[in-house]
Amino acid sequence: MFVSNTPTSTSHNMKIVLQKGEARTFRVLLRPVEAGALTWRFRFHNGVDSTWDDGSESWEGLPGGRFEIVSTSVCAEADGALGAFAPVTWGGAAGRAVGPDEWAVSDPVALEVAPGGHIAFTWCLRALEEGAFLPATPDSRALCYTAPGEAAFAPMSAFREEDETCLPDAFEADRAVRYRMAFMGDSITQGVQTRVDACEQWAARIALGIGRDVAVWNIGLGYGRAADAAKNGAWLRKAAEADVVNLCFGVNDLLHGSRNAETLANDLRAAVAALKARNPRAKAVLFTIPPFDLTGEDEARWRAVNARIRGGDHLGADAVFDIARILGREAPEDNMAFFGGHPDGRGGAAAAGEYLSAFWPARRDGLLPA
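Each chain carries its own residue numbering, running from 1 in the written order of its sequence. Side-chain atom pairs in this predicted model are given and counted only at pLDDT of 80 or more, local residue features only at pLDDT of at least 70, and totals for whole chains, interfaces and linings cover all residues. As a rule here, side-chain values come from all non-hydrogen atoms in the structure, and water together with hydrogens is ignored.

Novice: Give a detailed account of the layout of surface pockets, specifying residues and quantitative values.
Specialist: Buriedness of a pocket was judged along seven lines, with at least five required to meet protein on both sides within 12 Å; pockets are open sets of points on a 1 Å grid over the protein atoms alone, cavities are sets where a 1.4 Å probe fits but cannot get out, and lining residues have an atom within 4 Å of a point. Grid points are joined across faces, edges and corners, and a volume is the space filled by probe spheres set on the points. Looking at the largest pocket, its volume works out to about 170 Å³. Considering the residues around the largest pocket, the lining is formed by 15 residues, among which S187, G222, Y223, N252 and H342 are closest to the centre. Secondary structure elements are defined from DSSP: runs of H or I of at least 4 residues count as helices, runs of E of at least 2 residues count as strands, and each element is numbered from the N terminus. Those elements that place two or more of their residues in the lining of the largest pocket are α1 (187-190) and α5 (251-255). We call Asp, Glu, Lys and Arg charged. Ala, Val, Leu, Ile, Met, Phe, Trp, Tyr, Cys and Pro are nonpolar, and the rest, Gly among them, are polar. Per-class residue counts for the lining of the largest pocket are seven nonpolar, six polar and two charged.

Right under this line is the structure:
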């Protein structure tokens, strides 16, 4: 079945604005989880999943603008060189129009990627209205590039590296897996401040290290918050495709959402409940709120919500992964981040190591469907 085949996070929390008739080409190089000869497809949702910063520029549920997919290509990259471009079609055509809040799914395309190489996806998009905005993502930790005009089959020399690009939500391959897992969270899940293209954030390490019968989709986004997940929009819809959904929220709710402990706990409970309503078979793993050097009242709320997550009914979740214990300093300074508020590669290794070596083996049978 077609499932995510990259450990790098995707989804949308920002936007790129184009004027009517303006065309721009976006390219990304992604490391696959499974290399070799596979059939791929690409899915894109024309809307914003999660609020960026204070919500003045983009917010959860904001539909994208009207635009046209002009042309799309895919090829393999190895040792810094691109292979032969293969065209990607959409419903049998080279391109298609995409309306606000619409999904676009490509036709399958065959591609062989060598171990250690990348899949290079490129598409040219043209605005069909003035001020059309394309849902975008900064800090994806992937190798991202842009070029003006139509350049879907152009060499790398036509492109410049760009942190923020408009890309599909899902890079999927037809893989022999039995289960799907999702990671939904903020920039800590996305992997901000880990090295670009290194796949050293904890969600990426888990995607690469978990059993080959489980496919992982990382939809973590900078500034992501539980309040957005609780709205049960397109973002949660993506997560609900999975058998097991890992939810890691809280930092931005405390710092940017001004949520008190009770409200944040209710948001987390509502997100878990909405997930289960969309997919009654899905199991929810709720992460404790990672340490972020919070002090004063922020620290008090952080401790109160983590106590709620750890105790009682875990706010409706099926299991709890105590990432705060792994990434924090020793008590009583456990509110201080040992590997940085945005964990570096060492923090990613610590969290993923605990998840893969202890948490997952102990709970796999109870979380995966029979």
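Novice: Now, about the sheet that holds strand β19 (residues 283-287): what can you tell me, with residues and values included?
Specialist: Spatially, β17-β16-β18-β19-β20 is the arrangement adopted by the five strands of the open sheet, whose pairing is parallel. Looking along the sheet, the strands with just one partner apiece sit at the ends: β17 (214-218) and β20 (319-321). For this sheet, the mean inter-axis angle between neighbouring strands, taken without regard to orientation, is 20 degrees. Between any two strands, at least two bridges found by DSSP are needed for them to pair. Here strand β16 (residues 179-185) runs beside strand β18 (residues 244-248); their pairing, made up of five bridges, is parallel. When the bridges of β18 are listed, G185 appears paired with C248. In the packing of helix α9 (residues 345-367) onto the sheet, the strands contacted are β16, β17, β18, β19 and β20, and the crossing angle to β20 comes to about 175 degrees. Angles run from 0 to 180 degrees between N-to-C directions of axes, and those axes are lines fitted to C-alpha atoms, restricted for helices to the stretch in contact. Two residues qualify as a contact provided that any one of their heavy atoms is within 4.5 Å of a heavy atom in the partner residue.

Novice: Provide a residue-level description of the environment of H314, including the pertinent values.
Specialist: With respect to the helices, strands and loops of the structure, H314 is situated in the loop between α7 (296-310) and β20. In this scheme, a residue with accessible area under 20% of its type's maximum is buried, one over 50% is exposed, and one in between is partly exposed, where area comes from a 1.4 Å probe on protein chains only. Relative accessible area serves as the criterion here: at 23%, H314 is assigned to the partly exposed category. Those residues in contact with H314 that lie beyond four places of it in its chain are L286, R308, I309 and V320. We call two N or O atoms a polar contact when they sit within 3.5 Å, provided that within protein one can donate a hydrogen and the other can accept it, with sequence-adjacent residues counted only if both atoms are side-chain atoms. Within the structure, the side chain of H314 is placed 2.9 Å from the backbone oxygen of I309, a separation counted as a polar contact.

Novice: Hey, could you go over the pairing of β18 for me, with residue numbers and the actual values?
Specialist: Counting buried positions along β18 yields five of five residues, so the element is predominantly enclosed. Side-chain alternation along β18 places V244, N246 and C248 on one buried face and V245 and L247 on a second face that is also buried. Here β18 pairs with β19 via four bridges, running parallel. In the strand pairing of β19, V245 is matched with A284.

Novice: Provide a residue-level description of empty space enclosed by the protein, including the pertinent values.
Specialist: Tallied over the full model, the rule gives two cavities of 30 Å³ or more. In this structure, the largest cavity encloses a volume near 100 Å³. Among the elements of the structure, β1 (2-4), β16, β17 and α4 (234-239) are those that each provide at least two residues to the lining of the largest cavity. When the residues that make up the lining of the largest cavity are grouped by side-chain class, the tally is eight nonpolar, one polar and five charged. The calculated volume of the second largest cavity comes to roughly 50 Å³.

Novice: Outline the packing of aromatic side chains, listing residues and values.
Specialist: The description of an aromatic ring pair rests on the distance of the ring centres and on the angle between the ring planes. Put simply, two rings from Phe, Tyr or Trp (the six-membered ring, in Trp's case) pair if the centres are within 6.5 Å, and we call them stacked under 30 degrees between planes, edge-to-face over 60, tilted for the rest. A complete count under the given rule lists 22 aromatic pairs for this structure. Taken together, a centroid distance of 6.5 Å and an interplanar angle of 90 degrees make the contact between F183 and F287 edge-to-face. Linking F183 in strand β16 with F287 in strand β19, this pair joins segments that are 104 residues apart in sequence. On the basis of relative accessibility, which here comes to 0%, the residue F287 falls in the buried class. Between the aromatic rings of Y355 and F359, the centroid separation amounts to 4.9 Å while the plane-to-plane angle is 45 degrees, which identifies the pairing as tilted. Taken together, the residues Y355 and F359, both in helix α9 and four residues apart, mark about one turn of the helix. With relative accessibility at 0%, the residue Y355 sits in the buried group. Aromatic rings pair up to connect W40, F42, F44, F67, W90, F121, W123 and F171 into one cluster.

Novice: How would you sum up the pairing of β19? Please name residues and give values.
Specialist: Burial of β19 is extensive: four of the five residues sit out of reach of the surface. Two strands pair when backbone bridges link them, and β19 and β20 are joined in this way by three bridges, in the parallel orientation. Each bridged residue has a counterpart across the sheet, and for V285 the counterpart in β20 is A319. Read from β19 through α7 to β20, the crossover connection turns out right-handed. Looking down the strands as they point away from you, a crossover is right-handed if its path from the first strand over the helix to the second goes clockwise.

Novice: Run through unusual backbone geometry, naming residues and quoting values.
Specialist: Residue P332 follows A331 across a cis peptide bond; omega there is 10 degrees. Mapped onto the elements, P332 comes out in the loop between α8 (323-327) and α9. Despite not being glycine, Y223 shows a phi value in the positive range, around 70 degrees. Structurally, Y223 is set in the loop between β17 and α3 (226-229). On the basis of relative accessibility, which here comes to 23%, the residue Y223 falls in the partly exposed class.

Novice: Residues and numbers for the side chain of N13, please.
Specialist: On the secondary structure map, N13 appears in the loop between β1 and β2 (14-18). Looking at N13, the relative accessible area reads 0%, which means it is buried. Side-chain polar atoms of N13 contact the backbone oxygen of G222, separated by 3.0 Å. Those residues in contact with N13 that sit more than four places away from it in its chain are V48, S50, W52, S58, A136, T137, P138, L221 and G222.

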